[in-house]
Amino acid sequence: MTVRQGFTVEHGADPEAAFAFAAQRGFDFLELNMDWTFERSRVDPGPVRELAERYGLDLRVHLPYHLEVASPHEHVREGACRELEASVDTAVELGADLGVFHASTFARLDKWDHEWLGEVLYESVERVVTYARDRGFEAVVENLNTPFFTASDFPELFGRTDASACLDTGHAHATGCSLAEQADLLREFGDRVPHVHLNDTRIDADDEHLPVGVGKLDFAALADAMVETGWSGTCTHEVYTFDHEPRAFGKRNFDRLLAR
C-alpha cells in the first residue's frame, strides 16, 4: 500500500509558499487548479517545474472546471473537449502526469433525454482519456455534486469506457453515497480509482470542502478499505482556504487513520 498525499493550490494562493509548506509538512505532491492562475494561456510551465524540482514534489492538476463535455450541443461539446485536450498538453509541460476533469452538462434534465446525454458524456470521456493517454498522461473523471454524474455512476463508467476515476468524498456524500459505500466502491474498483479528493462536511445536502476530521464523515471506513486492499494512489486534501494549516491538520488526521 502506498497512499501519497497532497493538496490543491487554488487561484490567489502564493505558489512558492504552497510548495514550501507542502515540503515542510511532508506532503508528496500539489494539485494545481488550471482555472486562472495555472490556466494554460497564463501559466509559464518552466518556473512551476523548477519549484517542483526544488522542493522535491510531484504535480497533479485539476483541469478547467466548467467545460461542458456532455453538452447536448455539438459545437459546445467539441470546444469543451478541445480545451481539455489543450490543457492536458500544458499539464504535461508543467510536469504533471495525472489530471482530474468534470464530465458534466448544464442541460436541463427534464428537457433532454437522460440516456442520450449519457451516451454523449461517455463518448467525450473516452475521447479526452485517449488523448491524454497517448501523451503519457492520465485524465481521471471526478464524481460531481449534481444529479447527472455521481459516484453511483462509476460502475457504468468503468463498464462503458477505459476511463479511471477520481473519488470526491464530499461530492459523493452530498449525493447520498456514505463513506461506507465509498469504501465499498474502492474495494471493488480500486484499480480504476487512482486518485481521491479528501474533504469533510458538517451537512448532508452539500459539500463544504473542510479538512478531514472537522465534519461528520467517517473517514476511518475509507482508510480501512485502502489498508485492507493494499490500495495505492494519491489523495488530495481539497480544502477551500488560503491558509495551509487546515490542510496539514487534515493530513495528520488521515495519517492516524491509515496507521491504526
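Residues numbered from 1 in each chain as written. Predicted model: local features only at pLDDT ≥ 70, side-chain atom pairs only at ≥ 80, totals over all residues. Heavy atoms only, no water.

(A) Up close: the overall build of the protein chain. Along its length, the protein chain carries 9 helices and 8 strands. In terms of overall dimensions, the protein chain is globule-like: its C-alpha atoms have a radius of gyration of 17 Å, near the 18 Å expected for 260 residues. The dimensions of the protein chain, computed from C-alpha atoms along their principal axes, are 50 × 40 × 30 Å. In the protein chain, which comprises 260 residues, the share counted as buried stands at 57%. Here the analysis covers contacts within the protein chain between residues at least 6 apart in sequence; of these, 77% occur between residues at least 24 apart. When the accessible surface of the protein chain is split by element, carbon and sulfur atoms take 48% of a total near 11,000 Å². Across the protein chain, the mean location of the 24 positive side-chain charges is 3 Å away from that of the 48 negative side-chain charges. (Helix = DSSP H or I, 4+ residues; strand = E, 2+ residues; numbered from the N terminus. Rg over C-alpha atoms; globule rule 2.2 N^0.38 Å. Buried < 20%, exposed > 50% of the residue type's maximum accessible area, 1.4 Å probe, protein only. Contact = heavy atoms within 4.5 Å. Areas by Shrake-Rupley, 256 points an atom, 1.4 Å probe, with all protein chains shown as cover. Lys, Arg positive; Asp, Glu negative; His and termini not counted. Charge placed at Lys NZ, Arg CZ, Asp CG, Glu CD.)

(B) Local environment of the environment of valine 212. As for its placement among the helices and strands, valine 212 is situated in the loop between strand S7 (195-198) and helix H8 (219-229). Given a relative accessible area of 2%, valine 212 falls into the buried group. On a C-alpha basis, the gap between valine 212 and valine 128 in space is 31 Å, while along the polypeptide they are 84 residues apart. For valine 212, the residues in contact, after removing those within four places along its chain, are Leu198, Asp200, Phe219, His237, Phe249, Gly250, Asn253 and Phe254.

(C) Expanded view of the pattern of salt bridges. A complete count under the given rule lists 19 salt bridges for this structure. Note that arginine 127 and glutamate 85 form a salt bridge whose closest N and O atoms lie 2.7 Å from each other. Taken together, the positions of arginine 127 in helix H4 (residues 114-133) and glutamate 85 in helix H3 (residues 74-94) put the pair 42 residues apart, joining distant regions of the chain. Assessed through its relative accessible area of 30%, arginine 127 is described here as partly exposed. As a salt-bridge pair, arginine 160 and glutamate 119 come within 2.9 Å of each other at their nearest N and O atoms. Of this pair, arginine 160 sits in helix H5 (residues 154-160) while glutamate 119 sits in helix H4, placing them 41 residues apart in sequence. Look at arginine 160 and you get partly exposed, because its relative accessible area is 36%. (Salt bridge = Lys/Arg side-chain N within 4 Å of Asp/Glu carboxyl O.)

(D) Broad picture of the sheet that holds strand S4 (residues 98-102). The strand order S1-S2-S3-S4-S5-S6-S7-S8 describes a closed barrel built from 8 strands, whose pairing is parallel. Here the average twist between neighbouring strands, direction ignored, is 30°. Relative to strand S8 (residues 233-237), strand S1 (residues 3-9) runs parallel, the two sharing 5 bridges. Within S8, the residue paired with valine 3 across the bridge is glycine 233. The strands touched by H8 are S1, strand S6 (164-168), S7 and S8; relative to S7, the strand with the most contacts, the crossing angle is about 160°. Running over the sheet, helix H9 (residues 245-258) touches S1, S7 and S8 and is turned about 165° from S1. (Pairing = 2+ DSSP bridges. Axes fitted to C-alpha atoms, helices over the stretch in contact; angles between N-to-C directions.)

(E) Inspection of H8 at higher detail. Those residues of H8 lying buried are Phe219, Ala220, Ala221, Leu222, Ala223, Ala225 and Met226. Of the residues flanking the end of H8, it is glycine 230, one or two places downstream, whose phi is positive at about 65°.

(F) Representation of the side chain of aspartate 153. Note that aspartate 153 resides in the loop between strand S5 (138-142) and H5. Buried and unpaired, aspartate 153 has arginine 160 as its nearest opposite-charge partner, separated by 8.6 Å.

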